[in-house]
Every structure is written in C-alpha cells, then in structure tokens.
Amino acid sequence: MYHPKLEIILQNIEHVMIGKRNVAELSVVALLAQGHILLEDVPGVGKTMMVRALAKSVGANFTRIQFTPDLLPSDVIGVSIYNPKEMEFQFRGGPIMGNIILADEINRTSPKTQSALLEGMEEGSVTVDGVTRVLEKPFFVMATQNPIEYEGTYPLPEAQLDRFLLKMKMGYPTAEEEMEVLNRLQHAPPIDELQPVISLEELKQLQREVREILVDDTIKSYIVDLAGKTRSHANVYLGVSPRGSIALMKACQAYAMLHGRDYVVPDDVQFLAPYIFSHRIILKSEAKYEGIQPEDVIERIVARTRVPVQRLVK
Amino acid sequence: MSKSSGWNKSLSFVLYVLSFFLLWEWLRPVEQLTDTSFVIYFVLFAGLSLGLHFLGVNWKLSGTVKILFIFIVLQRLYFDASFLEVSTWLPALAVSIWESLILTVQQDWNAVSNVYRSLLFFVLLWLTAYLLHYWIAVRKQLFLFYVFTVFYVALLDTFSPYDGQYSIVRIILIGFLSMGLLTLQRLLDQERLSQSSHQIQKWIIPLVLMVAFSSVAAYAAPKAEPIWPDPVPFIQSFSDGSGSGSGVNRLGYGVDDSSLGGSFIGDDTKVFDVVTEDSQYWRIEMKDVYTGKGWENSASVTGEGPGFGLEEEVPFRLSRINEESEEVTAVLDISLEYNHLVYPYHPVRLESGDADEFIYDLANEKITSFSGEEEIGLESYEWTYKEPQYSLTALRETTDLGDLEGTGEMDQYLQLPDELPERVSALAEEITADHDNWYDKANAIESYFSQNAFTYDQSDIPVPGEGQDYVDQFLFETQRGYCDNFSTSMVVMLRAVDIPARWVKGYTGGEVVGQTEDGLNEYEVTNNNAHSWVEVYFPSLGWVPFEPTIGFTNNVSVDYDLTTENEESDEEETPVPEEEENEETPAPIQDEEVTDEEGADENGGTSASFWQRVQTALSENIGMVLLSGAALLLAGVLLFRMRFRWMPRMLILYYSVKKDDETFSKAYLSLLKQLHRFGLKRNEDQTLRAYAKEVDRFFSTKEMSHLTSQYERILYRKEGQQEKWQDMRELWENLIKRTTG
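Residues numbered from 1 in each chain as written. Chains lettered and ligands numbered in written order. Predicted model: local features only at pLDDT ≥ 70, side-chain atom pairs only at ≥ 80, totals over all residues.

Topic: the overall build of chain B
What chain B contains, in helices and strands, is 23 helices and 21 strands. Split into buried and exposed, the 741 residues of chain B put 35% on the buried side. Restricting the contact set of chain B to residue pairs at least 6 apart, pairs at least 24 apart contribute 73%. (Helix = DSSP H or I, 4+ residues; strand = E, 2+ residues; numbered from the N terminus. Buried ≥ 20, exposed ≤ 12 C-beta atoms within 10 Å, placed from the backbone. Contact = placed C-beta atoms within 7 Å.)

This is the structure in structure tokens:
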C-alpha cells in the first residue's frame, strides 16, 4: 500500500539499516515535507549510516558537518577568498551547500555557529558578505544531539528547536537485528552498493505533490484540538505554537503520501503527533523534577482527544 | 518527590477520615432504631479498620488486630469473666455462635443470640471498611457509596422515627469534599500532574469554598414545602394493610404516638366485624403525657393490672353510669389480630374468647389476652356491656375535684409540657370563661372547633417543626387536621383550665354492612375507623368521653335528669337521647368510611370532585395500576437491555430502503453504535482503522477494515457515497448480523 517510488527508498534504507523501518519512514516524511530532523541518540547506533543511505537513494549530494566547540559560522556557510588571478573575492561554499546534510553533535558548538545552520534551515538561504545565496533544493538537514554528554555543550534554545520538523530517537537494535547487522557487515559495508532509486527531479516533484494531499476539515480540527490541549495542560509551561500545528499537518500529508493515500486519516496524526510536538513544548519545572517526559504528556493528550469519526456539523 | 508523596499521604488521610465519618452516619441510626447498645464499639471498629487500611498494614497483622478487637468487645459486652480467663468465656462464646449458626441455617433468625448478631455486625463492618478502602485507594471513586449513604438516611428519615435532618447535611458536606478530593487524586494520577503544594492548593481552596458557599446558600435559601405528600402511609397501606403495631406505623392502630402529625391516606383493611345493637366506640388504650409533639405514657411499668377470665365480671370501671341500663352483647370477628382487645365503654363480662386470662393494664388501660404466659391474638370474642349513659345533673354539678383536690391523684391528667405556648392556655380560658361547671366548659371546647374555621383534612397536615408545639400549630396556624389534632388540642385546653383529661385511642363504630335475623346490626371496622378522642374526669362519675373531631359523633348518651338525683334516674327516657344520638351515627359512619384517625383517605367529607373520584378509583385499583405499570416498565427495560438483539433487524430493514446521499455514513455510524452495544467498545481516542482491526480480530474477518477504509474515503476524502453503498451494503449487513449471534 506504500507509494511505489517511496517504497523503494525505504527498501534501500532497510537494506543498510536493519530493523529501523520507523526511523526510515520518519526520515522520508521529513524529506517529503521539506522539514529537518533532530536525532537524539547515543553514538554508534547508525545515525550517519541512515542519512547516507537516504542521500544515496535519492542521488543527492551528501555533506557532513562535525560540530566542535571551535567551529566557526564560516566553516558551515562558506567563506569568500580573494582570488589574486581574478582580482576579486570568490565565494567558496561551506558544507551547508549540500542537499542532504548531517550536522553531527550540533549541541557541541557555540550558539553563534548553531544559529548559522539554523538560519539556513529556516530561510533556505544564507547571507555571506551581503550576498544572499539560495540553498539548492532539496535541502534537508539531519542534526544529531548526544544526550549523554552535558559538559561543554550548548543545548539548543527551546525556540530554535521549533525549526526542526520532528525529533526522534534511533534506539538500540534488538538482539536478532544486531546479529543481522554483524552478518551483513562482515564483508563489505552494504552502503557502497546502494544505487539511487529516484532522481532529485522526481523528489522535488513529490515534494510539490505532498502539498496537494487532502486534509479534511475534520482532520484539521483534530490537529488544532491537540495543539490547543498542549497549551492548557497543567504540566506544560509553553504549548505548541501554530507553527507546530502547521508542521504536524505537513508531516501528515507526507506520511499519507508515503502510505499511498492522497488524503490524511487520523491515524497519521496520532502516529506523528509525539514526534512533531514533543520538542515544541516546554514542561514546567515541577513536572521535569517528577521525571515526566514531554512524550508522556503528548501521549496523554492524544488519549484524551476525541477522534473525528463524523462529518463536522456546520 | 518526597514532598509530593507527603501530600499524597495527607490527602489520602483526609479521605480516610471523611469516609470514616460517612460510615459513622450509617451507624448513628442503628443506636436509635434498634436495641443495639454500645454502638460506640462498632464506630471504634470502623475507625480501626479504616486506620489499618490507611496505614497499609499487612493483612495478617491487621486481621489479627481486628479479630482481637472483636473478641475483646464481645467478651466485655456479653461475659462477666475477665478477658484473660479464656477458658471460661471462650467456650460459651463458641457454643452461642454455633447454636446461632444452626438457627441461621434453619432460618429462625429471630432466635439467634446477641453475641452472634454483634459478631455478624462486626464482620459486615469489616467488609464495608474494606470496600471503602478499595473505593478510596484503588478505584478512587466514592460516588456509589455516597449515593447509598444518602439513600439510606433518606429512607430511614422517611420510614422510621430517625431524624436525618442534620445527618443529611453532614453527609452532603463530607460527600462533596471527599468526592472533590478523590477527583483531584484521580487527576493527579491519570494526568501525572506534578503534586506540588501550589497545584493542590489551587484545587482545594476552590473546592472548600464551593462546598462552603453551597451549604451557606442552601441554609439561607427559602425552602419549598414538599411537593408530594408523605409517601409512607400510602406505601404502608398498600404493602400490608398497616397497623401491625410495630411502632412506626401511623395507619390504623399503632403504639407509638410520640410524634403526631403528617398526612394520611385511607386504608380500608378490615380490622374486625362486630354484631351488636348500636354503633359503639371501641376503646383500646389511653395516654396521659403530652410531650408537645405527641402522647406517651407516664407509667414506667406496663403490663401490670388485675386479671380476669371468661364470664367473670371485668375488674374495672371507667365511669359510673346508669346501673339499670340494659346489658347487650357484641360479637367481634377479628380480621387483623392484635394481642389487645377492643372494648366498649362499659364492659360487663367477656363471654367467649380463646384465651386463658386477660390482663387489664393499669398503665394504659389496655386489655391483653394471654394463653399461659404468652400474649396471643384472638380470632373472635364476645362482650357483654352496657351502653353508657351519664347523668347530666351530675355532670353539671362538677366544678372542681372535690375530695380528690390536693391529693395529687389526678396530677398526671393535668400534666402539660413547660414549653406549652401561653396563647394555648389563654385561648382555653377565653373559650371557657362564660361557663362555670366542667361539663359546660368541656362542651364549649368540644364545640369550639366546629364553630370556628377549623376543617377536617387528612392530606398535607404538617408535622410540628423543631421547637414547635403540636397543639399550638393546629390551633393557631394550620387549623386543619384530623382526629389526633382535635382530640389532643381539646385535652390540652382542658388541662389548661385545670380539668383532668386524657387522650384515648380506639376505633369508631364502623359501617353497617348487614343485619342479623334477630335485628342486630353488623358493623365492619376498618383501619379507616381508627380514631382518637377525649375523656374528661368527673369526680362523681369517672371518665366521660368527648368527641371534638368535626364530623364525628360518639353515641354517649346524657341522661337529662334535671333533678339533683344522679345516674339512677328514669330509664324510660334513656332510649330517647340514645335514639337521637344513634340517628346521627349514620352520618359519621359515612364520614368514617372516608375520614378517620390514623386511617382515612383523601376526600375527607367535602363533596367528591372529579379529581377525587379519579384518585379514589386509582387508589382502589392501585394494585392493578401498579402491577401493569411495573409490567410495562419491566418490558421497556427488557426491550432496552436486549436492544442489541432486535436493533440489527430494524436497522437492516431501515437501511434496505434508504438510498440517499448520506446513507452510507448513517449506516456506518449505526453499525458503530450496534457494535458498541454488542460490547465492542471504541475508545474515544481510537481511530476507526484501529477499531476496525480490533473488530475484525474479534470476528476473524476483514469485513470491518474493508468497510472502514471506504468510510474513511468518504469522511476524510469527501468521496461520494451513493455508489459505495451499493457495493458495501452486503458487507454492512453481514457485520451487523454478526452482532446478533
């Protein structure tokens, strides 16, 4: 029942990533919805592999930025260098000029450098020496955060987190999956064998088509309902902004397309809501001390919200 | 974390305390209504059980503590030996419980021992405490218990002497508080809210304010009179023909007159048939202490008095009457058996009756029949009596107590409560001011009611409020009432002018239902004939009955001997007044059928309007009406409960003809409802897909998912439904048929 082309991408990724169907689907959703992903997980669970497999499958230009405390904004965006032959400054694009970018350990760099990346993500363009350069499309950032190291890190400001369409975790593979990983990697990393299954042009076409996926008013009101409840929940200090609602709707459209539908159903909303909303709410400090996670709050809100199963009464 | 758990702990402590108070409300009436003493032990036990639950004590330990407590209490209450002398009291306890256990199996529940009852009560309390704990700690819902408590107290308040006035207020307060707190706890749990003091205060302060505000508002607000008449008499009359004499009955003859007032509804259960010459008031007993609310007996000892057998002269005399009056007989055929006998005003002998001995109780002047040591009821008995006739001269001569003055012998018949309002005495003085002798004074009071705007009525008669006097209420406020109101008021007013008087209960003469061959009348006396009247003491005569109740006449005849001779005057004249009186009897008899003391009915003597006729018809056929109502209700309930069985067929029929644009949606939604009734409930947050999968798993099909995917397209993709319905109808029918299986 999957969209035929997207199904191939997923299969491609699954070829490399064992048992990470969920993560693969979410990545494709973000790619289709032209959003960006924040991956929060420990090192070594396959974040880079994931992004590379995705990039290879769509034949996109893949770059990687390893964030370090001494990284400068120009290291991300690029810098103008004086060319003595031409007698002028020439712009040398930084890693942000790629299609699919892995921003590794984004919380280890200074806020200044972080915001350079984030601005690019938001605007789809960067400004260097007064010249605005539009980033090539598709432009897709997958940033990772390492949750176990807090020393010498600059956690992303809550407001900046809003720039990411969704936040997810990789999680460890199960024992069988890990066995399978070992088996496959014994000889050659399968990533090298991957071939693009879809052209960039086709991808852009799909990105345009996503916008045409039908979102009924009942679904929209369901989304609005959920977002509204995050704002009034007793454990939440700051609820989901309208930008969050828009993000959820777009993600739902992409998810529906991935599943071969041209219309959104409430299941899409329920599935995506925790990924889209949980990094967009700020819990009260009491709740944090209680050990309550934003995901729990979203889950409870979903469990308390009536699914629309009838036409709205006008 | 520790702070929040502290909050949680104190919150649940408060809840346990509140629930303890609720449980206490269950125990309060027990003390008053049953002969259970030492209720405090049960209260303590309830507290102990709840406390142990609150502390979360291991069940073995708490069980031991509770069992120990029970044994200590049982031992203290029922055995003299000290607790440590286990060998003396424990076997006795075991034997008593074992015997009672056997009696229980034999269904002889009245015979079980008190120890056993107490033990059972403890066990019941134990269970209740556990239930409360379960409701508070696990379910976190107390509503059910709260509702039961309210019902319990309301029922007792209605049907028993227990006054739940304050109890109900306490219950409402405690109940609201505890339910509010439980809701808070539930919310904290479900939503995993942080339990900071701030958060909790935000909840508790409005809660307390709300409860306080609503109680103050309720206290201050004007309260409407009840819309319905008191349902008790009606239910009682319907249930068992009333008057079993068990204390709380107010219909027919009852023992307890300590709180008079309230409405009555007719009850024509037959009490006895009597064959005799003339209509006759039938006496049962008298009461002498007026409490301000009703009547009680001054004597502390009852059941003592002279005994007599059959065909012996009765050992008492209410009054001196014309000795040469003719003796007449009355044969009574009893339908509603009591242990006491009804007797005419001047009984001479009891001719027959299936008992060994009869005791005339001096305390209340009741005649009780005994067979051996045991009180028994008689099926029939026969009195020989004289019809009373009093010398008018003697009556008129009386102006004081004469020789009895100062002896204090009549004091009990002059008793009045200290709180009796001044205006009652003032009124009595005013009524009697123009007369000098007791008879005229009594007559003046007797006729005061009919000469003024008093009306006879049985419905909507209030019970005096707290601090209100029954007589005062009747005389100055309501001026409506039935025999109790009139007779009590007359006694009180007589006493207020220092005339000894007392209150008598019994039956009026009844209705003539036939005649025997030898010219005697057969009267039928029903609960409607239950009555109360007045007796006034004349030192030279004794107790003479008076009838103040409007619409009633006693057949007391007064001998118009205007000579100063007393009662021994001309017998020839006797029949004349008697005849007069007797001619009046039919009128009251007609009234009696509709009116009367503690029996009685709705139309009380006024002309029967249509509404009243409807009421009469209703009350006559009440059995049928109630029965058919109940049958209809039952059928309705059954149909409703079984609707998941017959609904599908209706639905299939309905949707087989419908073909409009919305049919698919409507059919799908009714399928959802039907599945819900069938027991496959969809959670509010469950999507149709997830639900369809669940349904399909249950029926092991794919039909629901298939149908649902089409409905989803209609709902979320706005596809047309008409052609879909054609394709999907079969699927839909299959599914809905499955729910009938």
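Here's the deal with the overall build of chain A
Secondary structure summary: chain A contains 13 helices and 11 strands in total. Considering chain A as a whole, with its 314 residues, one finds that 43% of them fall into the buried category.

Brief notes about the sheet that holds strand E8 (residues 347–353) of chain B
Two orientations exist for strands paired in a sheet by backbone hydrogen bonds: parallel and antiparallel. All names here are of chain B. An order of E8-E12-E6-E1-E18-E17 is seen for the 6 strands of this open sheet, with the pairing classed as antiparallel. The open sheet has two edge strands, E8 and strand E17 (511–515), and neither has a second partner. Averaged over all pairs of adjacent strands, the angle between strand axes in this sheet comes to 25 degrees, irrespective of strand direction. Here strand E1 (residues 270–276) pairs with strand E18 (residues 521–526) via 6 bridges, running antiparallel. Paired with Lys270 across the bridge in E18 is Thr526. (Pairing = 2+ DSSP bridges. Axes fitted to C-alpha atoms, helices over the stretch in contact; angles between N-to-C directions.)

A few points about the interface of chain B and chain A
Facing 19 residues of chain B, the contacting portion of chain A comprises 28 residues. At the level of secondary structure, the elements contributing two or more residues to the side of chain B that touches chain A comprise helix H20 (663–678), helix H21 (688–699) and helix H22 (703–717) of chain B. The greatest single-element share of the side of chain B that touches chain A, amounting to 4 residues, is contributed by H22(B). Residue classes in the side of chain B that touches chain A are distributed as 6 nonpolar, 5 polar and 8 charged. (Nonpolar A, V, L, I, M, F, W, Y, C, P; charged D, E, K, R; others polar.)

Observations concerning the environment of B:Lys366
All names here are of chain B. Position of Lys366 relative to the elements: it lies in the loop between strand E9 (357–360) and strand E10 (367–371). Since 25 C-beta atoms lie within 10 Å of it, Lys366 is described here as buried. Setting aside residues no more than four positions away along its own chain, Lys366 makes contact with Ile284, Glu285, His340 and Asp361.

Describing the nonpolar core
Within the largest apolar cluster, 114 residues are counted, with the highest numbers of intra-cluster contacts made by A:Val29, A:Leu32, A:Leu166, A:Leu248, A:Ala251, A:Leu272 and A:Ile276. Residue contributions to this core peak at 10 residues, all from helix H10 (residues 242–258) of chain A. Once residues within four sequence positions are removed from consideration, A:Ile276 is found in contact with A:Leu165, A:Leu166, A:Gly244, A:Ala247, A:Leu248 and A:Ala251. Core analysis: the second largest hydrophobic core is formed by 79 residues, B:Phe264, B:Val342, B:Tyr413 and B:Tyr456 among them. (Core = buried A, V, L, I, M, F, W, Y, C linked by C-beta atoms within 7 Å.)

So, helix H5 (residues 114–139) of chain B
Residue and element names in this part refer to chain B. With 26 residues, H5 extends 35 Å from end C-alpha to end C-alpha; this agrees with the ideal 38 Å at 1.5 Å per step. Of all the residues in H5, the buried ones are Val115, Leu119, Phe122, Leu125, Ala129, Leu132, Trp135 and Ile136. One or two positions beyond H5, positive phi appears at Lys140, with a value near 55 degrees. (Expected span 1.5 Å × (residues − 1).)

So, the sheet that holds strand E20 (residues 542–546) of chain B
Residues and elements named next belong to chain B. Read across the sheet, 4 strands follow the order E2-E16-E19-E20 without closing on themselves; strand pairing throughout is antiparallel. The open sheet has two edge strands with one neighbour each: strand E2 (282–287) and E20. Averaged over neighbouring strand pairs, the angle between their axes works out to 40 degrees when direction is ignored. Judged from the 5 bridges that link them, E2 and strand E16 (residues 501–507) form a sheet pairing that is antiparallel. Pairing of Glu285 across the sheet is with Lys505, part of E16.

Re the packing of helix H11 (residues 422–432) of chain B against helix H12 (residues 438–451) of chain B
Residues and elements named next belong to chain B. Direction vectors running N to C along H11 and H12 enclose 115 degrees, while the axes themselves pass 9 Å from each other. Considered as vectors, H11 and H12 are oriented roughly perpendicular to each other. You can see that H11 and H12 cross each other, and the crossing is right-handed. Residue-level inspection shows Ala428, Ile431 and Thr432 of H11 in contact with H12, the latter providing Lys441, Ala444, Ile445 and Tyr448. Classifying every residue of the contact of H11 with H12 gives 5 nonpolar, 1 polar and 1 charged. (Parallel < 35°, antiparallel > 145°, perpendicular 65-115°, else oblique. Left-handed = near helix turned anticlockwise from the far one by under 90°.)

A few points about the confidence of the model for chain A
On average, chain A scores 86 in pLDDT, and the residues at 70 or more come to 98%. Mean pLDDT values for the elements of chain A range from 78 in helix H6 (residues 158–161) of chain A up to 93 in H10(A). (pLDDT = per-residue confidence, 0-100.)

Re the pairing of E20(B)
Two faces make up the sheet, and in a regular strand the side chains alternate between them. Residues and elements named next belong to chain B. Taking burial as the measure, the 5 residues of E20 include 4 buried ones, the bulk of the element. Note that strand E19 (residues 530–538) and E20 share 5 bridges and pair antiparallel. Bridged to Val534 within E20 is Phe546. Between the antiparallel neighbours E19 and E20 lie 3 residues.

Topic: the environment of B:Ser380
All names here are of chain B. Within the secondary structure, Ser380 is located in strand E12 (residues 380–386). In this structure the C-alpha to C-alpha distance between Ser380 and Ser335, which are 45 residues apart in sequence, comes to 8.7 Å. Once you skip the residues sitting within four places of it in the chain, Ser380 turns out to touch Leu332, Asp333 and Ile334.

Some points on the packing of helix H19 (residues 643–657) of chain B against H20(B)
Residues and elements named next belong to chain B. Relative to each other, H19 and H20 sit at 170 degrees, their axes nearing to 10 Å. In terms of axis orientation, H19 runs roughly antiparallel to H20. Residues Arg643, Phe644, Met647, Pro648, Leu651 and Tyr655 of H19 pack against Thr663, Ala667, Ser670, Gln674, Arg677 and Phe678 of H20. Partitioning the contact of H19 with H20 into residue classes produces 7 nonpolar, 3 polar and 2 charged.

Quick word on unusual backbone geometry
Negative phi characterises most residues that are not glycine, and trans characterises most peptide bonds. With an omega of -5 degrees, the peptide bond between A:Lys137 and A:Pro138 qualifies as cis. With respect to the helices and strands, A:Pro138 occurs in the loop between strand E7 (131–134) and strand E8 (140–145). At B:Glu311, a position not held by glycine, the phi torsion is positive, near 60 degrees. You can see B:Glu311 is positioned in the loop between strand E5 (307–308) and strand E6 (327–334).

Considerations on the confidence of the model for chain B
All names here are of chain B. For chain B, the mean per-residue pLDDT works out to 78, and 86% of the residues sit at or above 70. Across chain B, element-level confidence peaks in H21 with a mean pLDDT of 90 and bottoms out in helix H16 (residues 586–594) with 38. Here residues 240–250 is a poorly scored stretch, pLDDT under 50, and it has 34 contacts once near neighbours within four places are set aside; other chains count. Every residue in residues 563–608 scores below 50 in pLDDT, and together they form 124 contacts with partners more than four places removed in sequence or on other chains. Among the prediction metrics, the complex's ipTM stands at 0.83, with pTM recorded as 0.48.

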